[in-house]
Amino acid sequence: ASAHPLRRETAPLRLVEGEHFSSKHGTQTLESDTASNGQFVGSISPGHYLIYERVNLSGIKAITARIAAPGSAGSIELRQNDPSGKVIAQIPFEATSGWEIWTEVEAVINDPGGLHHLCVVFVNPKGGGPFMNLDRLTFEPQETVKKEAPQKKSNRTPAMNEKAYSNPWNRA
């Protein structure tokens with residue numbers, strides 16, 4: 001058996017604008033020049049949620065949320081299929097000191113594989129009214145390991161006056 005070299009590849013990041021949800025409970029879409037696409041999800045209170053339908057979560061290792069939270073820490077729960085579904089990630093965050101003072105917070109995701117509805121649930125242990133805004137979510141894929149294609153060997157032997165080089169660009 002011949003060994004083939006391995007090559008590590010990372011797929012591009014997958015970015016989802018917060019306002020591109022399929023359905024919502026209790027939030028508003030607001031406009032701002034500070035948001036990555038000119039809009040963000042705002043007026044988020046504890047228990048509000050967003051649902052993104054048919055998100056491919058295969059091979060995702062982490063998720064980053066771009067958020068603003070003026071005065072209160074909290075967390076974002078990513079749940080499988082609905083607001084009471086299995087928690088596949090929890091992203092805690094601290095206050096950012098302003099409604100449009102954005103920061104990025106990250107968490108490892110427990111890869112459920114395949115297509116699922118992704119439910120983003122907003123949690124503030126203090127309760128109360130609006131406490132945060134969401135601009136976007138970025139999904140970071142795992143590295144994939146691929147085998148290199150086997151190199152074809154030539155049966156040709158060099159002529160008497162010809163040198164055999166393993167790399168044609170490395171002729172010393």
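See the structure above.
These notes cover the structure that comes with them. (Residues numbered from 1 in each chain as written. Predicted model: local features only at pLDDT ≥ 70, side-chain atom pairs only at ≥ 80, totals over all residues. Heavy atoms only, no water.)

Remarks on the sheet that holds strand β9 (residues 87–93)
In plain terms, the rule: Any two strands with at least two DSSP-identified bridges between them are counted as paired. A run of DSSP states H or I qualifies as a helix once it reaches four residues; a run of E qualifies as a strand once it reaches two. Both are numbered from the N-terminal end. Every axis corresponds to a line fitted to the C-alpha atoms, with the helix fit spanning only the stretch in contact, and the corresponding angles, defined between N-to-C directions, vary from 0 to 180 degrees.
Overall, antiparallel pairing links the five strands, which are arranged β3-β6-β11-β8-β9 in an open sheet. Two strands lie at the open edges of the sheet, namely β3 (23–25) and β9, each paired on one side alone. Going from strand to strand, the sheet's axes swing by 20° on average, the running direction of each strand aside. Note that strand β8 (residues 74–80) and β9 share six bridges and pair antiparallel.

Examining the nonpolar core
So the rule is basically this: Residue types Ala, Val, Leu, Ile, Met, Phe, Trp, Tyr and Cys, when buried and joined through side-chain atoms within 4.5 Å, form a set referred to as a nonpolar core. The cut-offs for exposure are 20% and 50% of the maximum accessible area for each residue type, with area from a 1.4 Å probe on protein chains only; residues under the lower value are buried, those over the upper are exposed, and the others partly exposed.
With 29 residues, the main nonpolar core has Ile76, Leu78 and Leu134 as its most contacted residues. Where this core is concerned, the elements lending two or more residues are β5 (39–44), β6 (49–56), β7 (60–68), β8, β9, β10 (103–108), β11 (115–123) and β12 (132–141).

Some points on the pairing of β11
The pairing of β6 with β11 spans six bridges and is classified as antiparallel. Counted as the bridge partner of leucine 50 is valine 120 from β11. In this sheet, β11 lies alongside β8 in antiparallel orientation, the contact comprising six bridges. Pairing of glutamine 80 across the sheet is with leucine 118, part of β11.

So, the packing of aromatic side chains
This is how it is decided: Pairing of aromatic rings covers Phe, Tyr and the six-membered ring of Trp, with a centre-to-centre limit of 6.5 Å; geometry is then stacked below 30 degrees between planes, edge-to-face above 60, and tilted otherwise.
The full count for this structure, using the stated rule, is two aromatic pairs. When the centroid spacing of 5.3 Å and the interplanar angle of 75° are considered together, the rings of phenylalanine 40 and tryptophan 102 count as edge-to-face. Taken together, the residues phenylalanine 40 in strand β5 and tryptophan 102 in the loop between β9 and β10 connect sequence positions 62 residues apart. Each of the two residues, phenylalanine 40 as well as tryptophan 102, counts as buried. With a centroid separation of 6.2 Å and 15° between ring planes, the pair formed by phenylalanine 93 and phenylalanine 131 is classed as stacked.

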